[in-house]
Amino acid sequence: MIARLTLELKNLKAAFWLPLVVLYGVLPAFVAGTFLAHDGQVLMEERLYQTMLYVQMLVPLVSAWWPIMVYRDFLDAEGNELLCVFRSTTDNLLLRALVLWGYFMAYVLVVFFIFSFLWPRVAFFYFYTAVQCLMMISLAYALAMVSGNTFLPLMACTLLSLAGFIFPEQHWLPFDYNVYLVYTPQLMKKLLILLAVSAALLGVGALFENRMKRWKTGG
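Here is a short report on the structure shown in this document. In this convention, every chain numbers its residues from 1, walking through the sequence in written order. In view of the model being predicted, local features appear only for residues whose pLDDT reaches at least 70, and side-chain atom pairs are presented and counted only at 80 or more, with totals across whole chains, interfaces and linings using the full set of residues. Values reported for side chains reflect all heavy atoms of the structure, with hydrogen atoms and water molecules removed beforehand.

1. Observations regarding a nonpolar patch on the surface
Here's step 1: Only residues whose relative accessible area exceeds 30% and that form no salt bridge are eligible for patches; like-charged ones are grouped when within 9 Å, while nonpolar side chains (Val, Leu, Ile, Met, Phe, Trp, Tyr) are grouped when within 5 Å. Surface accessibility in these figures is a Shrake-Rupley result with a 1.4 Å probe; residues are shielded only by whichever protein chains are displayed. Only one rule defines a salt bridge in this text: a Lys or Arg side-chain nitrogen within 4 Å of an Asp or Glu carboxyl oxygen. A contiguous nonpolar surface patch, about 750 Å² in accessible area, is contributed by F151, M155, L159, L162, F165, I166 and F167.
Here's step 2: Position of F167 among the secondary structure elements: in the loop between α7 (151–166) and α8 (185–217).
Here's step 3: Each residue is assigned to one of three classes by its accessible area relative to the maximum for its type, calculated with a 1.4 Å probe on protein chains only: buried under 20%, partly exposed between the two thresholds, exposed over 50%. Look at F167 and you get partly exposed, because its relative accessible area is 48%. Where helices and strands are cited, they refer to DSSP runs of H or I of at least four residues and of E of at least two residues respectively, numbered from the N terminus.

2. Notes on the nonpolar core
Nonpolar side chains tend toward joint burial in soluble globular proteins.
Here's step 1: Nonpolar cores are built from buried Ala, Val, Leu, Ile, Met, Phe, Trp, Tyr and Cys residues. Side-chain atoms within 4.5 Å join them into one set. Counting 60 residues, the largest nonpolar core has L12, V59, W66, F104, F115 and Y141 as the members making the most contacts within it.
Here's step 2: The contact criterion used throughout is that any non-hydrogen atoms of two residues lie within 4.5 Å. Ignoring anything within four residues of it in the chain, the contact list for V59 reads L23, L27, F104, V108, T129 and C133.

3. A few points about the packing of helix α1 (residues 2–10) against helix α5 (residues 93–115)
Here's step 1: For helices, the fitted line uses only the C-alpha atoms of the stretch in contact; every axis is such a line through C-alpha atoms, and the angle between N-to-C directions lies from 0 to 180 degrees. Here α1 crosses α5 at 65°, and the two axes come no closer than 11 Å. Taken together, the axis directions place α1 and α5 in an arrangement best described as roughly perpendicular. For α1 against α5, the interelement crossing comes out right-handed. Counted together, I2, R4, L5, E8 and L9 of α1 and R96, V99, L100 and Y103 of α5 form the full contact between these two elements.
Here's step 2: Here the nonpolar group is Ala, Val, Leu, Ile, Met, Phe, Trp, Tyr, Cys and Pro; Asp, Glu, Lys and Arg are the charged ones; every other residue, Gly included, is treated as polar. For the contact of α1 with α5, a count of residues per class yields six nonpolar, no polar and three charged. Roughly parallel means an angle under 35 degrees; roughly antiparallel means over 145; roughly perpendicular covers 65 to 115; every other angle is labelled oblique. Handedness of each helix crossing follows the sense of rotation of the near helix against the far helix: counterclockwise by less than a right angle gives left-handed, clockwise gives right-handed.

4. Some points on the packing of helix α2 (residues 18–36) against α5
Here's step 1: Where α2 contacts α5, the axes come no closer than 10 Å and their chain directions differ by 20°. Classed by the angle they form, the pair α2 and α5 counts as roughly parallel. When you trace α2 past α5, the crossing you get is right-handed. Every residue of α5 that contacts α2 at P19, L20, L23, Y24, L27 and V31 is listed here: F104, Y107, V108, V110, V111 and F115.
Here's step 2: Class assignment for the residues of the contact of α2 with α5 results in 12 nonpolar, no polar and no charged.

5. A short note on α5
Here's step 1: A helix is expected to span 1.5 Å multiplied by its residue count minus one. Its 23 residues give α5 an end-to-end C-alpha distance of 33 Å, which sits within 8% of 33 Å, the value for a rise of 1.5 Å per residue.
Here's step 2: Those residues of α5 that sit buried are L93, R96, A97, L100, F104, M105, V108, V111, F112 and F115.
Here's step 3: A distance of 3.2 Å separates the backbone nitrogen of L94 from a side-chain oxygen at the start of α5, and that oxygen is part of N92. Side-chain atoms alone can form a polar contact between residues adjacent in sequence; in general such a contact is a pair of N or O atoms within 3.5 Å, and within protein one must be able to donate a hydrogen while the other accepts it.

6. Remarks on the side chain of N92
Here's step 1: Topologically, N92 is positioned in the loop between α4 (65–75) and α5.
Here's step 2: A polar contact is formed between the side chain of N92 and the backbone nitrogen of L94, at a distance of 3.2 Å.
Here's step 3: Reaching out from N92, the side chain makes a polar contact with the backbone nitrogen of L95 at a distance of 2.8 Å.

7. Considering the environment of L61
Here's step 1: Its place among the elements puts L61 in helix α3 (residues 44–63).
Here's step 2: Linking L61 and V22, residues 39 residues apart in sequence, is a C-alpha distance of 9.9 Å.

8. Looking at the packing of aromatic side chains
Here's step 1: Only Phe, Tyr and Trp rings take part, Trp by its six-membered ring, and two of them pair if their centres are within 6.5 Å. Stacked means planes under 30 degrees apart, edge-to-face means over 60, and tilted covers everything else. Under the counting rule described, the total for this entry stands at 15 aromatic pairs.
Here's step 2: Ring centres 6.1 Å apart and planes at 80° place the aromatic pair W66 and F104 in the edge-to-face group. Taken as a pair, W66 in helix α4 and F104 in helix α5 lie far apart in primary sequence, 38 residues in all. Side by side, W66 and F104 carry an identical accessibility label, which is buried.
Here's step 3: An angle of 70° between the planes, with centres 5.4 Å apart, marks the rings of F112 and F115 as edge-to-face. Taken together, the residues span about one helical turn, with F112 and F115 both in helix α5 at a distance of three residues.
Here's step 4: Taking relative accessible area as the criterion, F115 reaches 6% and is therefore assigned buried.

Spelled out as C-alpha cells, the structure:
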C-alpha cells in the first residue's frame, strides 16, 4: 500500500506542493511578520500567541489536501472502478488517510522544531495541532465516503476553518483562535473530544467505504 500511495502522491504533480508551500512559505512569512511589525517591547509570548493563530488558520486547513487529492482517482472517476482493485484488507482509503496524516505531521514537525528555538514550550502546541489535523482529515474521509465525491469534503474543510476564524468565541469549534495553547485540563478535555469525534468519523467513513466496495462488486 505504501508503494502505491507514494506513486499516487507523485501523480498529483503540482497539486502535491500546495501544503508544503503553505508550511514552508506562507506560514513562515506570517510568523516573520509578527517580528517585523512590532518593536522590541512586544514580548516573545505575545508573538507565540500570534503564531498559534496563524498555525490554526493554515495548518489544519491544508492537512486534508493530500487525502482529498488522492481520493479523486478513486471517487471522481466514472464508476469508481479503482475501489475494486485493492489487493488486501490493508490496502484501503482509511489507511491512506491515517498514513497521510502521519506523513503531513512529519513535515509540520520541522516547523515546530524551528519554533522550539524561539519558544521553550511548543510540545503541547504540536500535539494539539496534530489532533486538529487528524479531525480535519477524518472529516474529509468520512464525507468523501458518504458522498462518493471529493468536492463536498473540500468545501466542508474550508468552511470549517473559516467558521473558526469568523466566530472565534465558539469554543465547540475545533480551532481555538483566542486561546493560548499550553496545557490546561480544559484544553486536554477538548483534545479527547476531538479524538473521539475523529474516531467516530473514521468509523463512519470505513463503513461507507466497505459498503461502496460491496455494492460495486455485487457482494
